[in-house]
Amino acid sequence: MSGILNSSIGRKFAMALSALFLMIFLLQHFSINILSVFSPDTFNEVSHFMGTFWAVQYVLQPILILGVIFHFVMGFVLEIRNRNARKINYAKNNGSANSSWMSRNMIWSGLAILAFIVLHFYDFWAPEINVKYFKGDMSGLIDPDNVDSGFRYWEELHHKFQDMWRVILYCVAFIFLSLHLLHGFSSAFQSTGMNNKYSKGLQGFGKAYAIIIPLGFVFIALFHHFTH
Amino acid sequence: MNLTLKIWRQANANDKGKMVDYKISDISPDMSFLEMLDVLNNELIEKGEQPVAFDHDCREGICGSCSLYINGEAHGPDRGVTTCQLHMRMFKDGDTITIEPFRATAFPVIKDLIVDRTSFDRIQHAGGFISVNTSGNTIDANAIPVNKHNADDAFSAATCIGCGACVASCKNSSAMLFVGAKVSQFALLPQGQVEATDRVLNMVKQMDEEGFGNCTNTGACEVECPKGISLENIARMNREYLKASLKG
């Protein structure tokens, strides 16, 4: 059991588990963000809860960050090992004859998502940490000295998407996210050994997930841009 | 048919190697691909040049000896066939055909198009067998009842001829379809249960030591496999391995 992470199958299993964890997180992130379209007040309340509840902040958030780091680091480890497994490339290789573009380019869609996460942290996570833990303002209010000023979360989100270039960058990143998930979802189940009579149904669900969730994020970004 | 062949030539394992162009004419569409190479080699020998070295044996798709990466695909553009079963009718008059050896660090080139696939043998030696006493008092295999579904799946897995097309096609040079098939053919049968834990742990360990890459589930191996070995075998091997890791 101790050497499982030293084996190719063990590493793939760990990669798949982190992927499944991140897909569950993505669904949760989307469920909260879509509230900003339908009800700014509900979005504010849920955001304030997520941003101040200790279990989310001090347990789930570190686990999430570790999960993201693990997924990327393991992705690079696997990629390096895979590249070493063929040091001389083919003069002619017809990859499209036997596999999808998404499956052959997970490293590139993954790198695009990594770049997006850096931008996303700069846009939302870093300012949030700054306000809460460096400035010490846990009120979540627009004006911490005025209790009637209302929560700041929806206002901040709405304001961020005023910038057209940010919206374009986010939408491009969501396309890469969709491409990554189109292969990653079913691949994660295969790596955990789940390939059985339910696989076709899971693949269908995975495709729907890979299209609907990123498209939903695109919709949210466009909604805030065009309603500004 | 008149064709241009771009063939990988490499004098020995230490030679750098390069692609060399050859023109060949009057090829019948009914010839097999290897017969076309035989014609080329006859011409080269008549000219006093070194013939192109390539693996072949049974020439009926059973032995797993022939290999070749033809126009960017293992065993060429046809499906469910080995190179020896590939016919020239799959190509058009005037085509340029690129012929390369199977590429993988674990399959080093010996000469021209011949690669060393003994890494597969070493994986088999690590556990691809059952220990049965064959001294004369062996129990009749038919005396052990086997579920029909399992028997069919085990037989399908056992049709793997170990040609290495899965490794050659995989962008990661992963051998997991081969090892998955070899693990599965025993995992599905009662005879294979006794050594199941050691088998999968040892075979996967050997596979990793040989330098094969990690499976990223692109499915290229399944598409290019001349025997249609299914990806289900990789999932089964993953399950067997995880189960064995928890036990051992």
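What counts, and where the lines are drawn
Residues numbered from 1 in each chain as written. Chains lettered and ligands numbered in written order. Predicted model: local features only at pLDDT ≥ 70, side-chain atom pairs only at ≥ 80, totals over all residues. Heavy atoms only, no water. Phe/Tyr/Trp six-rings, centres within 6.5 Å; stacked < 30°, edge-to-face > 60°. Helix = DSSP H or I, 4+ residues; strand = E, 2+ residues; numbered from the N terminus. Buried < 20%, exposed > 50% of the residue type's maximum accessible area, 1.4 Å probe, protein only. Lys NZ or Arg CZ within 6 Å of the ring centre and 35° of its normal. Contact = heavy atoms within 4.5 Å. Buried area = accessible area lost by both parts, 1.4 Å probe. Salt bridge = Lys/Arg side-chain N within 4 Å of Asp/Glu carboxyl O. Polar contact = N/O pair within 3.5 Å; in protein donor to acceptor, adjacent residues only side chain to side chain. Nonpolar A, V, L, I, M, F, W, Y, C, P; charged D, E, K, R; others polar. 1 Å grid on protein atoms, 1.4 Å probe; cavity = no way out; pocket = protein on both sides within 12 Å on 5 of 7 lines; lining within 4 Å. Points joined across faces, edges and corners; volume = space filled by probe spheres on them. Domains from an automatic or database assignment.

(A) Spatial organisation of the packing of aromatic side chains. In total, this model carries 22 aromatic pairs over all chains according to the counting rule given. Considering the side-chain rings of tyrosine 90 of chain A and tyrosine 69 of chain B, the 3.5 Å spacing of their centres and the 10° angle between planes classify their relative orientation as stacked. A residue pair is termed interchain when its members come from two chains, as with tyrosine 90 of chain A in the loop between α4 (54-84) and α5 (101-104) and tyrosine 69 of chain B in strand β3 (residues 69-70). Taking 5.8 Å as the distance between ring centres and 45° as the angle between the ring planes, the aromatic pair formed by phenylalanine 33 of chain B and phenylalanine 91 of chain B counts as tilted. Highlighted residues: phenylalanine 33 of chain B in helix α1 (residues 33-46) and phenylalanine 91 of chain B in the loop between β4 (73-74) and β5 (96-100), separated in sequence by 58 residues. Among the residues examined, phenylalanine 33 of chain B registers a relative accessible area of 0% and is labelled buried. Members of the aromatic cluster, joined through ring pairs, are Phe30, Phe116, Phe124, Phe161, Tyr170, Phe174 and Phe217 of chain A. In this arrangement the basic side chain of arginine 103 of chain B is found over the ring face of tryptophan 8 of chain B, its NZ or CZ atom lying 4.2 Å from the centre.

(B) Expanded view of the interface of chain B and chain A. Taken together, the contact between chain B and chain A spans 48 residues of the former and 37 residues of the latter. Carbon and sulfur atoms make up 49% of the surface buried where chain B meets chain A, a total of about 3400 Å² over both sides. The interface formed by chain B and chain A holds 0 salt bridges in total. Across the contact surface, chain B and chain A share 30 residue pairs in polar contact (both at pLDDT 80 or more). Broken down by secondary-structure element, the contributors of at least two residues to the side of chain B that touches chain A are β5, α4 (165-169), α6 (196-209), α7 (220-224) and α8 (232-247) of chain B. Here the side of chain B that touches chain A gets 10 residues from one element, more than from any other, and that element is α8 of chain B. By residue class, the composition of the side of chain B that touches chain A is 22 nonpolar, 17 polar and 9 charged.

(C) Expanded view of the layout of surface pockets. Approximately 560 Å³ is the volume attributed to the second largest pocket. Lining the second largest pocket are 26 residues; nearest its centre among them are Ser186, Ser187 and Gln203 of chain A together with Asn217 and Leu231 of chain B. Elements with a contribution of two residues or more to the lining of the second largest pocket: α5, α8 (164-191) and α9 (199-226) of chain A. Among the elements that take part in the lining of the second largest pocket, α8 of chain A stands out by supplying 7 residues, more than any other.

(D) A look at the domain arrangement of chain B. Residues and elements named next belong to chain B. Domain boundaries assigned for chain B yield domain 1 (3-111) and domain 2 (117-247). Here the C-alpha centroids of domain 1 and domain 2 sit 29 Å apart. Taken over both partners, the interface formed by domain 1 and domain 2 buries close to 1500 Å², and the fraction arising from carbon and sulfur atoms is 56%. Applying the counting criterion to the domain 1 and domain 2 interface returns 2 salt bridges. In terms of residue class, the side of domain 1 that touches domain 2 is built from 10 nonpolar, 8 polar and 4 charged.

(E) Broad picture of the pattern of salt bridges. Throughout the structure, instances matching the rule amount to 18 salt bridges over all chains. The shortest N-O distance in the salt bridge between arginine 152 of chain A and glutamate 128 of chain A comes to 3.0 Å. Within this pair, whereas arginine 152 of chain A is found in the loop between α6 (106-134) and α7 (153-160), its partner glutamate 128 of chain A is found in helix α6, the two being separated by 24 residues in sequence. Exposure remark for glutamate 128 of chain A: the relative accessible area of 16% places this residue in the buried category. The partner of aspartate 38 of chain B in a salt bridge is arginine 59 of chain B, with the nearest N and O atoms 2.8 Å apart. Remark: arginine 59 of chain B occurs in the loop between α1 and β3 and aspartate 38 of chain B occurs in helix α1; sequence separation between them is 21 residues. Here the salt bridges do not stand alone but share partners, grouping Glu128, Lys132, Arg152 and Glu156 of chain A into one network.

(F) Spatial organisation of unusual backbone geometry. All names here are of chain B. Residue arginine 59 is not a glycine yet carries a positive backbone phi of 55°. Taking the relative accessible area as the measure of exposure, arginine 59 reaches 28% and is therefore partly exposed. Non-glycine residue leucine 68 carries a positive phi angle of around 80°. With respect to the helices and strands, leucine 68 occurs in the loop between α1 and β3.

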